[in-house]
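The lines below spell out each chain.
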Amino acid sequence: MEENPQAPSPQTPQNYDILGQIPPPSPPVSDRLLRVFLGPQGLRAGWSALLFALFTLLFGFAAAAVVGLIATFTHKRTPTEITAFTALVTEVIQVLVILLAGLIMARIEHRRLRDYFLAGQRRLAHFFVGAIIGFVALSALVGALALGGWLHFGAVQLPPAQIAGYGLVWAAVFLLTGFFEEGSFRCYLQFTFTRGINFWWALAVVAAACLDLALRHVGPAAWGVYIVALLGLLPCLWLHTQRSAGSSFWQATWATSTLFGFIHITNSGENWVGIFSAAAIGFVFCLSVWVTGSAWWAIGCHAAWDWAETFFYGTADSGIVPRFHFLTTAPAGNVFWSGGTDGPEGSILILGILVLLVIVLLVIYGRRRAVALPEPAVQEPAS
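Bear in mind that the values here come from a model prediction, so they are computed numbers and not experimental data.

A. Main features of the pattern of salt bridges. Taken as a whole and assessed by the stated rule, the structure comprises five salt bridges. The salt bridge partner of arginine 186 is glutamate 182, with a shortest N-O separation of 2.8 Å. Note that arginine 186 and glutamate 182 are positioned in helix α5 (residues 160–196) at a spacing of four residues, about one turn of the helix. Considered together, arginine 186 and glutamate 182 belong to a single accessibility category, that of buried residues. Here the salt bridges share partners, and the residues they tie into one network are Glu109, Arg111 and Arg195.

B. Layout of unusual backbone geometry. Look at histidine 110: it is not a glycine, yet its phi comes out positive at around 60°. With respect to the element layout, histidine 110 can be found in the loop between α3 (84–109) and α4 (123–147). Non-glycine residue histidine 217 carries a positive phi angle of around 50°. By the secondary structure assignment, histidine 217 is in the loop between α6 (199–215) and α7 (223–242).

C. Region of the structure containing a nonpolar patch on the surface. A surface patch of nonpolar side chains, about 530 Å² in accessible area, is lined by Val355, Leu356, Ile359, Val360, Val363 and Ile364. Take isoleucine 359: its relative accessible area is 44%, and that puts it in the partly exposed class.

D. The arrangement of helix α10 (residues 296–312) in detail. Given a rise of 1.5 Å per residue, 17 residues ought to cover 24 Å, and the 22 Å separating the end C-alpha atoms of α10 matches this to within 8%. Positive backbone phi, approximately 70°, marks glycine 314, located one or two places after α10.

E. Fine view of the side chain of glutamate 91. Tracing the chain through its elements places glutamate 91 in helix α3. In this structure, glutamate 91 is buried with no salt-bridge partner, the nearest side chain bearing the opposite charge being arginine 186 at 12 Å. Not counting chain neighbours up to four residues away, the residues in contact with glutamate 91 comprise Val173, Leu176, Thr177 and Phe180.

F. Representation of the packing of aromatic side chains within the structure. Evaluation of the coordinates by the stated rule reveals 29 aromatic pairs. Arranged with centres 5.6 Å apart and planes meeting at 15°, the rings of tryptophan 170 and phenylalanine 174 form a pair that is stacked. Of this pair, tryptophan 170 and phenylalanine 174 are both found in helix α5, four residues apart, which corresponds to roughly one turn of the helix. Per residue, the accessibility class of tryptophan 170 equals that of phenylalanine 174, and both read buried. Ring geometry for phenylalanine 249 against tryptophan 290: centres 5.1 Å apart, planes inclined by 50°, an arrangement best described as tilted. Here tryptophan 290 lies in helix α9 (residues 272–292) and phenylalanine 249 lies in helix α8 (residues 247–263), a separation of 41 residues in the sequence. Through a chain of ring-to-ring contacts, three or more aromatic side chains come together here, namely Phe52, Tyr116, Phe117, Tyr188, Phe191, Phe249, Trp250, Phe283 and Trp290. Above the plane of the ring of phenylalanine 260 lies arginine 186, whose end atom (NZ or CZ) is 4.2 Å from the centre.

G. View of the environment of asparagine 198. Structurally, asparagine 198 is set in the loop between α5 and α6. Between the C-alpha atom of asparagine 198 and that of alanine 252, which follows or precedes it by 54 residues, the distance is 8.0 Å. A polar side-chain atom of asparagine 198 sits 3.1 Å from the main-chain amide nitrogen of tryptophan 200. Side-chain polar atoms of asparagine 198 contact the backbone nitrogen of tryptophan 201, separated by 2.9 Å.

H. Region of the structure containing α7. Under the 1.5 Å per step criterion, the end-to-end length of α7 is 29 Å for 20 residues, consistent within 8% with the ideal 28 Å. At leucine 233, α7 shows its largest bend, some 30°, and a proline, proline 235, comes one to four positions later. Listed in full, the buried residues belonging to α7 are Gly224, Val225, Tyr226, Val228, Ala229, Gly232, Cys236 and Leu239. Considering only its buried residues, α7 is in contact with α6, α8 and α9. Residue arginine 243 follows α7 closely and has a positive phi angle near 50°.

Definitions and cut-offs
- Residues numbered from 1 in each chain as written.
- Predicted model: local features only at pLDDT ≥ 70, side-chain atom pairs only at ≥ 80, totals over all residues.
- Heavy atoms only, no water.
- Salt bridge = Lys/Arg side-chain N within 4 Å of Asp/Glu carboxyl O.
- Helix = DSSP H or I, 4+ residues; strand = E, 2+ residues; numbered from the N terminus.
- Buried < 20%, exposed > 50% of the residue type's maximum accessible area, 1.4 Å probe, protein only.
- Patch = residues over 30% accessible without salt bridge, like charges linked within 9 Å, V, L, I, M, F, W, Y side chains within 5 Å.
- Areas by Shrake-Rupley, 256 points an atom, 1.4 Å probe, with all protein chains shown as cover.
- Expected span 1.5 Å × (residues − 1).
- Lys, Arg positive; Asp, Glu negative; His and termini not counted.
- Contact = heavy atoms within 4.5 Å.
- Phe/Tyr/Trp six-rings, centres within 6.5 Å; stacked < 30°, edge-to-face > 60°.
- Lys NZ or Arg CZ within 6 Å of the ring centre and 35° of its normal.
- Polar contact = N/O pair within 3.5 Å; in protein donor to acceptor, adjacent residues only side chain to side chain.
- Bend = angle between axes of the 7 residues up to and from the residue.

What follows is the structure in structure tokens.
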């Protein structure tokens, strides 16, 4: 009689579970180790985010050497003063850095670059609507500061012949800024966290950022990050317990928005309101991804907001003062209301503008379904 290879040998002792059944065989150690790195969508989200950060840092360090060489051929400026030329060179390099990192990650993950919230319908329309709203929103904030006496206007700085030229250069600078910051946070990281994060992993990311600030004794500005971290805690925990559809997107939003405030800590002249507003506007931009299906609205709004703030009105932008801007303005009075060296983003009045932006997004778009994540491309088996 032919022996059944599946039948247990009588000499082989069997291990039974508490129900008296033979448990399934354990997977090999190599398979268990592989599952640490690979999931249903390929490389797990945490490893993807770490690799993206690693590539960005490595390429960034290499690019910093180039920027340093360029700086030796330019006139020295004060730490809080930038020129259109140096800003343009810096932004070009930064965009190339994340573009290269994104292309490598797309290759590893078998995706297309546009999968990272850069696809979708009406992308050009979303971009220009976002740009218009960004300029109007910043203008409303500047107008409120001027009406309250917390911002004073001076003379036009540039002669008429130079306004258009510098305006175009600064527009290019801040378009690249929009691509760099939105590409990093609302495109790659938001997408990657959404496909693989839950409440506990989001909490770990947020807690790590807060712990780093506390250990480094950053000072009062860190409270902007702490407040955003606390505000997102209970809503994200509730979404987790309710197992709500699309909850991973909002867990990712909590993490990326906190990190967005975190990276602004290094800017000179920042106060806690300015750091909080940076994180809060990160939430607004994530909301725009949710309701439009892509990051194009956020890119347009971000670019126009910074252009209006830096070039058109000539205010400080996150503590950085531009050279060769159109209008001239100066903060006045209590820093809590004026923003001081931080600029309009450091004024408590920005909270009202952010609320209005949320309302505008919901009124114009108001979608209520989860953002779809593109599946990784299927590799053809080798013949």
